[in-house]
Amino acid sequence: MSYLTCRGQTGEIALRNVKLWCTAVVALIGFLKLSSLGHAEEPTTNPSTMSLDSFDMDQPGSFPAHWGVRGDEATAKTIYSIAEEDGNRFLRAYADKQDVQIGITRTFEPKQFPALQWRWRAKQLPTGADERNKQTNDSAAAVYVVFDSTTMPRAIKYVWSSSLPVGTRTKSPVYWRSYTVVLQSGDTHIGKWQQEVVNFYQDYKDIFGEEPGQVVGIAVLTDSDVTKSVAEADYDDFSLVTAEAAKEARTKSTEVQPAPAMTNSQ
Ligand SMILES: [Ca+2]
Ligand SMILES: [Ca+2]
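Draft legend 1. Layout of the overall build of the protein. Secondary structure summary: the protein contains three helices and 16 strands in total. Counting all 266 residues of the protein, 43% fall into the buried class. For the protein, the share of sequence-separated contacts (at least 6 apart) that also reach a separation of at least 24 residues comes to 68%.

Draft legend 2. Representation of the pairing of strand β11 (residues 154-161) in the model. Of all eight residues in β11, eight are buried, a share of seventy percent or more. In β11, alternate side chains face the same way, and those of Arg154, Ile156, Tyr158 and Trp160 on one face and Ala155, Lys157, Val159 and Ser161 on the other are all buried. Of the pairings in the sheet, the one linking strand β10 (residues 141-147) to β11 comprises seven bridges and is antiparallel in character. The partner of Val143 across the bridge, within β11, is Tyr158. Sheet analysis places β11 next to strand β13 (residues 178-185), joined by seven bridges and oriented parallel. When the bridges of β13 are listed, Trp160 appears paired with Gln184.

Draft legend 3. Region of interest: the nonpolar core. Of all hydrophobic cores here, the largest spans 59 residues; its most connected members are Leu116, Ala141, Tyr144, Val145, Ile156, Ile218 and Ala233. Top contributing element to this core by residue count: β10, with seven residues.

Draft legend 4. Geometry of helix α2 (residues 200-208). Buried within α2 we find Phe200, Tyr201 and Tyr204. Seen end-on, α2 carries its buried residues on one side only, within an arc spanning 105 degrees. For α2, the secondary structure elements touched by its buried residues are β9 (115-124), β10, β11 and β14 (194-199). Of the residues trailing α2, Gly209 is marked for its positive phi of about 75 degrees.

Basis of the calculations
- Residues numbered from 1 in each chain as written.
- Chains lettered and ligands numbered in written order.
- Predicted model: local features only at pLDDT ≥ 70, side-chain atom pairs only at ≥ 80, totals over all residues.
- Helix = DSSP H or I, 4+ residues; strand = E, 2+ residues; numbered from the N terminus.
- Buried ≥ 20, exposed ≤ 12 C-beta atoms within 10 Å, placed from the backbone.
- Contact = placed C-beta atoms within 7 Å.
- Pairing = 2+ DSSP bridges.
- Core = buried A, V, L, I, M, F, W, Y, C linked by C-beta atoms within 7 Å.
- Arc of directions from axis to C-beta.

Geometry only, nothing functional implied.
Here's what the structure looks like:
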C-alpha cells in the first residue's frame with residue numbers, strides 16, 4: 001500500500017510556483033505548498049519575527065488562500081473560513097462531527113526561528129474529548145509544527161484540550177511520530193483570545209531526544225468526529241519568532257484583544 005500519493009498543480013504566484021497536493025494515509029500533513037522561508041504574506045521590518053499569516057488579506061467567507069487541505073477539500077471548506085470582527089480578519093473553524101486538517105508549508109531550519117506564536121479562541125469544546133485515547137481524540141483547536149519529512153514527519157501538536165491539564169505531554173494515540181502538548185484546557189478561557197508562543201525547537205529536543213531536521217510546515221485542526229460533537233475555534237496571527245523574541249513574548253499577558261486589521265483593501 002502506498003503511504004503517500006501526490007498530484008501536482010500550477011502555483012498561483014512566483015514564490016509559490018510549485019504546489020503539490022498530497023493525500024497521506026496517516027501522515028500529519030497531506031498538503032504541500034512549496035515556498036521559501038523568505039516568503040511571508042506581509043513584509044515585516046522586524047527581523048525577530050516572520051509573519052506566516054494574519055488572514056487580513058483574505059475575503060470574509062472565503063477559504064484561507066495560502067492553506068492546503070489534508071483530506072476532503074469540500075469538507076474542509078465547510079469547516080474553515082475567514083471571519084471578520086471589528087475590522088480584523090481571522091480563521092474560523094466549525095467542525096460538526098468532522099476531522100479535516102489544513103496547513104501551510106514553510107521549510108526552514110528551526111534554529112533560525114525556533115518559536116511560533118499565534119492567538120486562538122476556543123468557542124465550543126468537543127464533548128468528552130481526551131487526546132490520550134483514539135476513541136476521544138478531538139480538540140477544539142490544535143496547531144501542529146511538522147518536522148523532518150512530508151512523508152513520515154514527526155510532529156508536535158499543541159492543543160486547546162477539553163479535559164487534559166495544561167502542560168500535559170502525551171504520545172498521539174493515532175500516529176506514533178506525533179506528540180500532543182496541552183496549552184489550554186477546558187472552558188477557563190473559552191471565548192477569549194489567548195496569545196501563545198511555543199519554542200518548538202526546544203520542545204522537539206525534549207520530546208524526541210535529538211536535534212530536529214527542518215521544519216516543513218504548520219497545520220491546524222479543529223475536530224469533533226470521534227466524540228460526535230461540535231468543536232469551534234478561531235485562529236489568527238501566526239508568526240515565526242526568534243528565541244529572544246519568544247522570551248519577551250512569554251512575559252506578556254496571555255489574554256489579548258484582537259489586533260486592528262492591517263488593511264481592508266484587497
Ligand atoms: Ca488577523
Ligand atoms: Ca478526531
